[in-house]
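A structural walkthrough
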Amino acid sequence: MWDYVLLGLKTLGVLVLLEVILIRFIPFCLGYRHYSKQGLPFFQGVLPFVGNYLRLVRLMQEVPRQEFVPFGPMIKQDFGSAHPPEVIVSMMQQQPVLVLNSAKSLTELYVTKNRFFEKDPIGAIQFGSLFGQSIVLAPSDEVWAKKRKVLGSAFYKEKLFKMVGVIREIVREKIVEIEKEYVEKRYEMDVVSEMGDLHMRIILMTAFGLTDLHQVKLPYIEGGVTKQMKVADILRQLTSYMIFRAGRYMFAVIPYMMFFYYSKEDREYMANIRTVRNFCLSIIERRRKNLAASPNEDKCGDILTIMLQQPSVFATNDSMIDEIITFFLAGSFTLKTTNSNLLMYLDCNPKVYSTLMGELRETVFCEALKNGGSRIEDPIASLSIESVEGLRYFSQCFYETLRLEPPTVASGGIFTEDQEVCGVKIRKHDFFVINMQQMHHDRTEWQRPSDFIPERFDSLNPLSLRPDGAKRHPLAFNPFIGGKRICLGKTFAEIVAKFVVPALLGRFKFEHVDTDIPKGIKPKIIQNLNQVCDPIVPMQVSIVDWSKKI
Ligand code: HEM
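Conventions and cut-offs
- Each chain carries its own residue numbering, running from 1 in the written order of its sequence.
- Local features in this predicted model are restricted to residues of pLDDT 70 or higher, and side-chain atom pairs are both shown and tallied only at a pLDDT of 80 or more, whereas totals for entire chains, interfaces and linings draw on every residue.
- Only hydrogens and water are set aside; all other atoms, that is, all heavy atoms of the structure, feed into the side-chain values.
- Note that the domain bounds were set by an automatic or database domain assignment.
- Whether two residues are in contact is decided by their heavy atoms: any pair within 4.5 Å suffices.
- When a carboxyl oxygen of Asp or Glu is within 4 Å of a side-chain nitrogen of Lys or Arg, the pair counts as a salt bridge.
- Under the rule applied, a polar contact is a pair of N or O atoms within 3.5 Å (in protein, one hydrogen donor and one hydrogen acceptor; residues adjacent in sequence only if both atoms are side-chain atoms).
- Numbering of helices and strands runs from the N terminus; a helix is a DSSP stretch of H or I covering at least four residues, while a strand is a stretch of E covering at least two.
- Note on residue categories: nonpolar means Ala, Val, Leu, Ile, Met, Phe, Trp, Tyr, Cys or Pro, charged means Asp, Glu, Lys or Arg, and polar means any other residue, Gly included.
- When accessible area is computed with a 1.4 Å probe and restricted to protein chains, residues below 20% of their type maximum are described as buried, those above 50% as exposed, and intermediate ones as partly exposed.
- If even one non-hydrogen atom of a residue comes within 4 Å of a molecule or strand, that residue is called near it.
- Strand pairing requires that DSSP identify at least two bridges connecting the strands.
- Only the contacting stretch of a helix is used when fitting its axis, a line to C-alpha atoms as for every element, and angles between N-to-C directions run 0 to 180 degrees.

Each domain of the chain was delimited in the assignment, giving domain 1 (2-131) and domain 2 (145-408 + 479-543). Here the C-alpha centroids of domain 1 and domain 2 sit 32 Å apart. Facing 30 residues of domain 1, the contacting portion of domain 2 comprises 37 residues. Taken together, the links from domain 1 to domain 2 amount to zero salt bridges. Inspection of the domain 1/domain 2 interface yields five residue pairs in polar contact (both at pLDDT 80 or more). Secondary-structure elements contributing two or more residues to the side of domain 1 that touches domain 2 are helix H1 (2-37), helix H2 (53-62), strand E3 (117-118) and helix H5 (121-131). Here the residues of the side of domain 1 that touches domain 2 are counted per class, giving 15 nonpolar, seven polar and eight charged.

What follows is the structure, encoded as structure tokens:
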């Protein structure tokens with residue numbers, strides 16, 4: 001018997017040795033050689049087998065969650081606060097990762113080489129625990145294209161009109177709630193939580209066609225204790241867990257362990273995912289029955305109904321649940337962050353606020369204020385798809401907020417064939433990161449990149465130029481990425497913002513109550529990572545007086 005045990009151990013030893021040499025050490029050396037031969041800068045601290053992984057993990061654990069931007073602290077430590085090189089290589093275990101810091105690479109990536117641009121299959125497995133095989137992770141094949149086409153149809157013509165009708169009602173309701181809760185009672189309003197609630201209702205309506213879901217609580221297990229939590233909060237916790245789970249020392253030693261949910265926390269995470277998915281399933285089944293009873297029932301053209309009407313594309317319940325979770329996370333947290341940030345920036349930049357209010361007065365609220373009134377009772381009544389189209393300065397404010405704090409700080413992918421980008425020969429299947437946060441603060445592209453200056457998006461304004469007076473790179477601003485994987489909800493996101501923020505500003509004045517921040521100075525912004533951690537940002541809300549000079 002001991003002979004067999006010994007033989008088993010020897011075989012295991014040989015397999016581990018082969019794995020270390022063939023799958024890890026040789027690819028590590030080849031990757032390192034390929035990019036160092038081209039003279040590319042590397043992050044410091046490259047160790048055989050683990051590369052910079054341990055350092056990244058340490059930083060993930062040291063830097064407060066809400067301040068963590070992938071590679072941000074490493075770039076600062078190694079390259080100072082000046083703009084880093086266009087491409088930096090990080091060795092992650094056996095794999096080189098190219099961090100693209102300059103918009104120059106994007107023209108090739110999104111245009112000439114876009115057909116070779118793919119999602120990273122390892123990321124798809126890792127994040128698949130939550131998103132399943134949703135379009136955000138799936139390879140760009142025929143199935144993905146069909147799904148994208150069906151889902152995209154939700155944001156066109158009559159369907160979009162229906163959705164706008166629903167958005168208007170949700171915003172109207174929220175205005176009444178804010179007034180009752182914060183203006184009348186003079187309580188401080190946590191802008192992040194209220195904007196979160198508002199956008200969640202909008203996205204729940206878009207995805208499920210139901211608004212009351214934001215109230216629903218489900219059991220959530222944490223540390224062996226089960227508590228009741230709102231669906232949105234559970235999804236945020238799960239996203240946070242999924243992202244930060246990657247930062248385990250164990251994965252530096254045995255990367256494959258990433259694919260196994262072995263710890264107690266992992267098992268709780270998977271159980272919580274099952275709870276959410278079962279909940280989605282119950283909604284799907286209910287809707288399916290309703291549709292069978294009255295097939296023409298399609299009140300708002302929601303995503304679920306659209307998917308149920310295309311069984312050849314969405315054949316299984318799981319395929320629908322994957323998309324619903326994706327829409328929910330992709331839509332509500334991005335908009336919550338951006339529109340909360342926008343309210344903060346407006347309060348801290350009185351000149352911008354005043355210019356924007358001037359535009360709102362002239363463009364959308366002129367009728368409501370024509371008799372010299374001081375208040376707008378129902379700002380939503382003044383907003384229509386046609387009237388918000390004219391909000392040029394508002395769009396500039398929205399873009400400037402997205403520039404300073406892109407809610408998706410980085411995206412990534414691989415090439416399916418060897419390609420050259422910015423003169424760098426990238427091997428097929430080597431992972432690259434599009435570092436949006438860095439590109440949006442590139443000193444060669446943006447004048448005073450840390451300041452909130454919406455005018456930089458006005459092509460006639462000198463601030464729209466680069467510091468050297470040349471035209472800015474067209475992809476220097478890139479919050480929705482581009483090419484075939486461009487954000488599916490981009491137009492919808494802009495429309496939602498154009499209804500939500502002007503309606504709120506028409507009725508309320510928001511002033512932050514953080515006494516540490518003198519007016520006019522950049523506030524402690526609501527971090528772009530608040531998909532995974534919610535800061536509390538209290539603001540005082542009052543009714544705006546339009547009879548005064550604003
Ligand atoms: C300010 C708001 C938003 C920003 C900045 C934003 C940004 C992005 C980015 C950067 C991606 C690419 C992610 C990646 O591949 O790594 C993406 C994908 C996606 N977004 Fe958005 N998004 C926003 C709002 C929305 C909304 C409101 C929806 C839906 C209602 C949405 C739905 C999606 C979907 C479905 C994808 C996956 C597309 C694909 O891979 O084919 N997004 N978004």
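Still to come is the rest of the account.
Right, let's talk about the pattern of salt bridges for a bit. Scanning the entire structure with this criterion turns up 28 salt bridges. A salt bridge links Lys227 to Glu222; the nearest nitrogen and oxygen atoms lie 2.9 Å apart. The exposure class of Lys227 is partly exposed, given its relative accessible area of 37%. A salt bridge links Arg245 to Asp266; the nearest nitrogen and oxygen atoms lie 2.9 Å apart. Here Asp266 lies in helix H11 (residues 264-293) and Arg245 lies in helix H9 (residues 231-245), a separation of 21 residues in the sequence. By relative accessible area, Arg245 is classed as buried at 5%.

Attention now moves to the site of the ligand. Around the ligand sit 26 residues in total, of which Lys119, Arg148, Ser411, Arg485 and Cys487 are the nearest. At 3.3 Å, a side-chain N or O of Trp144 approaches an oxygen atom of the ligand. Contact distances for the ligand include 2.6 Å between an oxygen atom and a side-chain N or O atom of Ser411. Elements with a minimum of two residues in the shell around the ligand: helix H6 (142-152), helix H13 (317-348) and helix H18 (490-507). Take the shell around the ligand: its biggest share by element is six residues, from H13. Residue composition of the shell around the ligand, grouped by class: 17 nonpolar, six polar and three charged.

Further remarks concern the side chain of Arg403. Here Arg403 lies in helix H16 (residues 392-404). At 3.1 Å, the side chain of Arg403 forms a polar contact with the backbone oxygen of Asp451. Excluding residues that lie within four positions of it along the chain, Arg403 makes contacts with His440, His441, Trp446, Pro449, Asp451, Arg456, Phe457 and Phe477.

Reading across from one edge, E4-E12-E11 is the order of the three strands in this open sheet, with antiparallel pairing throughout. The open sheet has two free edges, formed respectively by strand E4 (189-190) and strand E11 (508-512), since each of these has just one partner strand. When E4 meets strand E12 (residues 538-543), the two strands line up antiparallel, connected through two bridges. Across the sheet, Asp190 pairs through a bridge with Pro538, a residue of E12. Against the sheet, helix H7 (residues 157-184) engages E4, E11 and E12, with an angle of about 105 degrees to E12. Each of E11 and E12 touches H18; the most contacted strand, E11, lies at about 95 degrees to it.

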